[in-house]
Amino acid sequence: MLSSPFTREAMPLLVAVGVTLVGCGAQSSVMRTGEDPYRDSESAGEVLFIDVSKEVGPDLSGPVFAMAAADVEGDGWLDIVFTNHHGIGLLNNHHGSFQFTPNLLHPFEEDTHGMSWLDFDRDGRLDLLVTVGADRGFGGGGNLLMLGEGQGAASFRLSTALPEVLTDVRGRGRCVTLADFNRDGWLDIALMNAVQEDRVNRLAGGRAQGFDDWSTSFGLDHIRAEGLVGVYLSVDGPPVFVAYGAGADGGKIFCFAEDTGFHDCSSALGLVKPSSSVQAVVPGDYDNDGDLDLYFVRG
């Protein structure tokens, strides 16, 4: 446990809306709170989750790497977009019932992995940044940016304006982390790659016009992990970043300073790195004592 109070939301990478898309190769599921006819009278009044996947539509099986929820259609209902190593699938939420679109990239297919919603071109509309992975480990196409140009899934188009630091043609993309790392008011983007000596992580520093390549300037290229989760430890302080995924640094905490960049601050915060591989980390106050806890999923 970390002793600093958890007083601000984590970086916008995880959206908890009562909807769960489970695991690589697992069945996708929608869980809804409500009455459970099988619970006993002693549990009356408790909120339980009920599997309603078959009733609402997305009773699907297949590989899934990542998911992100957003109101794609602009109708006030959260839709679910996911990557499945072949494209970008959409579960379109029509008032609680989902319709499935297999691949928003059609007719293209890419080895899609991590993703994040953002307003890349600063036009007030949702855009989607997606990393492309192992199939291009020998130098295929780069990461993908889908720009929203109107309302609804049909308005998204593939952009050709992604800067080189984010296209990262030789990378093996895994996860996307959005943060204002140097706290200058501009959004920065970290792209984490599968751990491999000649394919380093990328850091794009936001500025008034576009992005600068900070990959080597601030040491992100030396972090041996496939993802970062940002959390705040105080109201006014900068975020810290918990690394996860394959690699020697999975399970460590990294702090960021403008003069030194990323540095391992695990020991200073009292964290002992787990002995085995950390596949995922979910921050939260699990014992409801006001302090930040970290839940590690080991693989």
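Rules of the game
Residues numbered from 1 in each chain as written. Predicted model: local features only at pLDDT ≥ 70, side-chain atom pairs only at ≥ 80, totals over all residues. Heavy atoms only, no water. Pairing = 2+ DSSP bridges. Helix = DSSP H or I, 4+ residues; strand = E, 2+ residues; numbered from the N terminus. Axes fitted to C-alpha atoms, helices over the stretch in contact; angles between N-to-C directions. Patch = residues over 30% accessible without salt bridge, like charges linked within 9 Å, V, L, I, M, F, W, Y side chains within 5 Å. Areas by Shrake-Rupley, 256 points an atom, 1.4 Å probe, with all protein chains shown as cover. Salt bridge = Lys/Arg side-chain N within 4 Å of Asp/Glu carboxyl O. Buried < 20%, exposed > 50% of the residue type's maximum accessible area, 1.4 Å probe, protein only. Polar contact = N/O pair within 3.5 Å; in protein donor to acceptor, adjacent residues only side chain to side chain. Contact = heavy atoms within 4.5 Å. Phe/Tyr/Trp six-rings, centres within 6.5 Å; stacked < 30°, edge-to-face > 60°.

**Student:** Go over the sheet that holds strand β11 (residues 156-158), please, and point to the residues and values.
**Tutor:** In a beta sheet, neighbouring strands pair by backbone hydrogen bonds and run either parallel or antiparallel. One open sheet holds the four strands; their spatial order is β8-β9-β10-β11, and the pairing between them is antiparallel. Of all the strands in the sheet, the pair left with one neighbour each is β8 (112-118) and β11. Across this sheet, the average inter-strand angle for adjacent strands is 25°, counted without regard to direction. Sheet analysis places β8 next to strand β9 (residues 127-132), joined by five bridges and oriented antiparallel. Opposite L118, over in β9, you have D127 as the bridge partner.

**Student:** Would you mind going over a nonpolar patch on the surface in detail, with residue names and values included?
**Tutor:** Together, Y286, Y295 and V297 make up an exposed nonpolar region whose accessible area comes to about 320 Å². In this structure, V297 sits in strand β21 (residues 293-298). Given a relative accessible area of 35%, V297 falls into the partly exposed group.

**Student:** I'd like to hear about the pattern of salt bridges, residue by residue, with values.
**Tutor:** Counted under the stated rule, the structure contains six salt bridges. Linking D212 and R207 is a salt bridge whose minimum nitrogen-to-oxygen distance equals 2.7 Å. Overall, R207 belongs to the partly exposed group, its relative accessible area being 34%. Through salt bridges that share partners, D249, K252 and D264 make up one connected network.

**Student:** Could you give an account of the side chain of D79, with specific residues and numbers?
**Tutor:** Looking at the element boundaries, D79 is found in strand β5 (residues 79-83). Engagement of the side chain of D79 in a polar contact is seen with the backbone nitrogen of V72, the distance being 2.8 Å. Leave out the neighbours within four places in its chain, and D79 touches A68, A69, A70, D71, V72, E73, L90, L91, N92 and N93.

**Student:** Go over the pairing of β5 with me, naming the residues and quoting the values.
**Tutor:** Among the five residues in β5, five count as buried, and that is most of the element. In β5, alternate side chains face the same way, and those of D79, V81 and T83 on one face and I80 and F82 on the other are all buried. With five bridges joining them, strand β4 (residues 66-70) and β5 adopt antiparallel strand pairing. Bridge assignment links M67 to a residue of β5, and that residue is F82. Of the strand pairs in this sheet, β5 and strand β6 (residues 88-94) are connected by four bridges, and their pairing is antiparallel. Opposite V81, over in β6, you have L90 as the bridge partner.

**Student:** Please provide a residue-by-residue account of the packing of aromatic side chains, values included.
**Tutor:** This model, assessed by the stated rule, comprises eleven aromatic pairs. Considering the side-chain rings of F256 and F262, the 5.0 Å spacing of their centres and the 70° angle between planes classify their relative orientation as edge-to-face. Each member of the pair, F256 as well as F262, is classed as buried. With centroids separated by 5.9 Å and ring planes inclined at 45°, the aromatic side chains of Y286 and Y295 adopt a geometry described as tilted. Assessed through its relative accessible area of 49%, Y286 is described here as partly exposed. Look at Y295 and you get partly exposed, because its relative accessible area is 48%. Site record: aromatic cluster; members linked through ring pairs are F181, W214, F218, F241, F256 and F262.

**Student:** Please provide a residue-by-residue account of the sheet that holds strand β17 (residues 239-244), values included.
**Tutor:** Strand order in the open sheet made by the four strands is β16-β17-β18-β19, with antiparallel pairing throughout. In the strand order of this sheet, the two ends are held by β16 (227-232) and β19 (261-264), each with one partner. Neighbour-to-neighbour, the strand axes of this sheet turn through a mean angle of 35°, independent of strand direction. As judged from the two bridges shared by β17 and strand β18 (residues 253-257), these two strands associate in the antiparallel manner. Within β18, the residue paired with F241 across the bridge is F254.

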